[in-house]
Amino acid sequence: MSVPAYELIRSRRRTLALEVTGEGRVLVRAPVRLAQSRIDEFVSRHAGWIEKHQALQEKRRENHPEPTDAEREALICRAKEILPEKVARYSRLMGLYPTGISITGARKRFGSCSGKNRLCFSWRLMQYPEEAVDYVVVHELAHIRHRDHSRQFYACVEETLPDWRERRKLLRE
């Protein structure tokens, strides 16, 4: 069996780790002194996993191509218009109020809640259906009460959005 092409990153870690980046590159993180043959064997054993995840990343890039500058500006304007309204609406429904809202260009997360209850949302979220946007808003508001992803956290989300699982799936397509 042939070894898929990969980039090797050695460090003082103790274990091997495999990552397929958003661009489809394969990264292998390995301990400094681990033999190359062991690394190649590890990558070879995970060839099926690598192929599957490269295909998933390719599909994600096709479904959500990087917007042009004009498209990006339009998405940012839309986010600034829509997200504060949604946050205000769901804040009233849930009784949870953030200290502020920011729009960012984050690529890996659609939203976050700071320790001081400030919510951040990526303008990239505007590329998804409204049901998915609502889910992210409710999800981040729920973090004001529950800082983790415990059962209580998801119960809080479910009180407002009983169909949150279907909405979350929209973010993964």
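Here, every reference points to the structure presented above.
So, here is what we can say about the structure in this document. Nothing here was measured: the structure is a model prediction, and the numbers come from that model.

Before going further, it helps to examine the nonpolar core. In terms of nonpolar packing, the biggest core is built from 31 residues, with Leu83, Met94, Phe121, Leu125, Tyr135 and Leu141 touching the most fellow members. Per element, the largest residue contribution to this core is nine residues, and it comes from helix H4 (residues 130-145). Setting aside residues up to four positions removed in sequence, Tyr135 forms contacts with Tyr154, Val157, Leu161, Trp164, Arg167, Arg168 and Leu171.

Sheet architecture is open: three strands sit in the order E1-E3-E2, paired in mixed fashion. Lying at the two open borders of the sheet, with one neighbouring strand each, are strand E1 (7-11) and strand E2 (17-20). The average undirected angle you get between the axes of adjacent strands in this sheet is 20°. With four bridges joining them, E2 and strand E3 (residues 26-31) adopt antiparallel strand pairing. Counted as the bridge partner of Val20 is Val26 from E3. Running at roughly 125° to E1, helix H1 (residues 36-45) makes contact with E1, E2 and E3 of the sheet. Where helix H2 (residues 47-63) meets the sheet, it contacts E2 and E3, and its direction lies at approximately 30° from that of E2.

Along an α-helix, residues three or four apart share an orientation, since each turn contains 3.6 residues. Taken residue by residue, H1 has Ile39, Phe42, Val43 and Ser44 as its buried positions. Packed against the buried residues of H1 are E1, E2, E3 and H2.

Hydrogen bonding along the main chain pairs the strands of a sheet, whether they run parallel or antiparallel. Strand order across the open sheet formed by three strands is E4-E6-E5, with mixed pairing between neighbours. The open sheet is flanked by strand E4 (100-104) and strand E5 (111-113), the only strands paired with a single partner. Neighbour-to-neighbour, the strand axes of the sheet open up by a mean angle of 15°, direction not taken into account. As defined by bridge partners, E5 adjoins strand E6 (residues 118-122) across three bridges and the pair is classed as antiparallel. Each residue of the ladder has a partner; that of Gly111, found in E6, is Phe121. Along the sheet face, helix H3 (residues 69-94) touches E4 and E6 and points at about 145° away from the line of E4. In this fold H4 packs onto E5 and E6, with an angle of close to 15° to the strand it touches most, E5.

By volume, the largest pocket amounts to about 1,100 Å³. Looking at the largest pocket, it is lined by 30 residues, and the ones nearest its centre are Arg60, Arg107, Lys108, Arg109 and Phe110. Where the lining of the largest pocket is concerned, the elements lending two or more residues are E2, H2, H4 and helix H6 (164-171). By residue number, the principal contributor to the lining of the largest pocket is H4, which donates four residues. Residue composition of the lining of the largest pocket, by class: 10 nonpolar, eight polar and 12 charged. Looking at the second largest pocket, its volume works out to about 180 Å³. Contributing to the lining of the second largest pocket are Val20, Trp49, His53, Leu56, Gln57, Lys59, Arg60, Asn63, Arg172 and Glu173. Here the lining of the second largest pocket takes seven residues from H2, the largest share from any one element. Across the lining of the second largest pocket, the residue classes tally to three nonpolar, three polar and four charged.

Parameters and conventions
- Residues numbered from 1 in each chain as written.
- Predicted model: local features only at pLDDT ≥ 70, side-chain atom pairs only at ≥ 80, totals over all residues.
- Heavy atoms only, no water.
- Core = buried A, V, L, I, M, F, W, Y, C linked by side-chain atoms within 4.5 Å.
- Buried < 20%, exposed > 50% of the residue type's maximum accessible area, 1.4 Å probe, protein only.
- Helix = DSSP H or I, 4+ residues; strand = E, 2+ residues; numbered from the N terminus.
- Contact = heavy atoms within 4.5 Å.
- Pairing = 2+ DSSP bridges.
- Axes fitted to C-alpha atoms, helices over the stretch in contact; angles between N-to-C directions.
- 1 Å grid on protein atoms, 1.4 Å probe; cavity = no way out; pocket = protein on both sides within 12 Å on 5 of 7 lines; lining within 4 Å.
- Points joined across faces, edges and corners; volume = space filled by probe spheres on them.
- Nonpolar A, V, L, I, M, F, W, Y, C, P; charged D, E, K, R; others polar.

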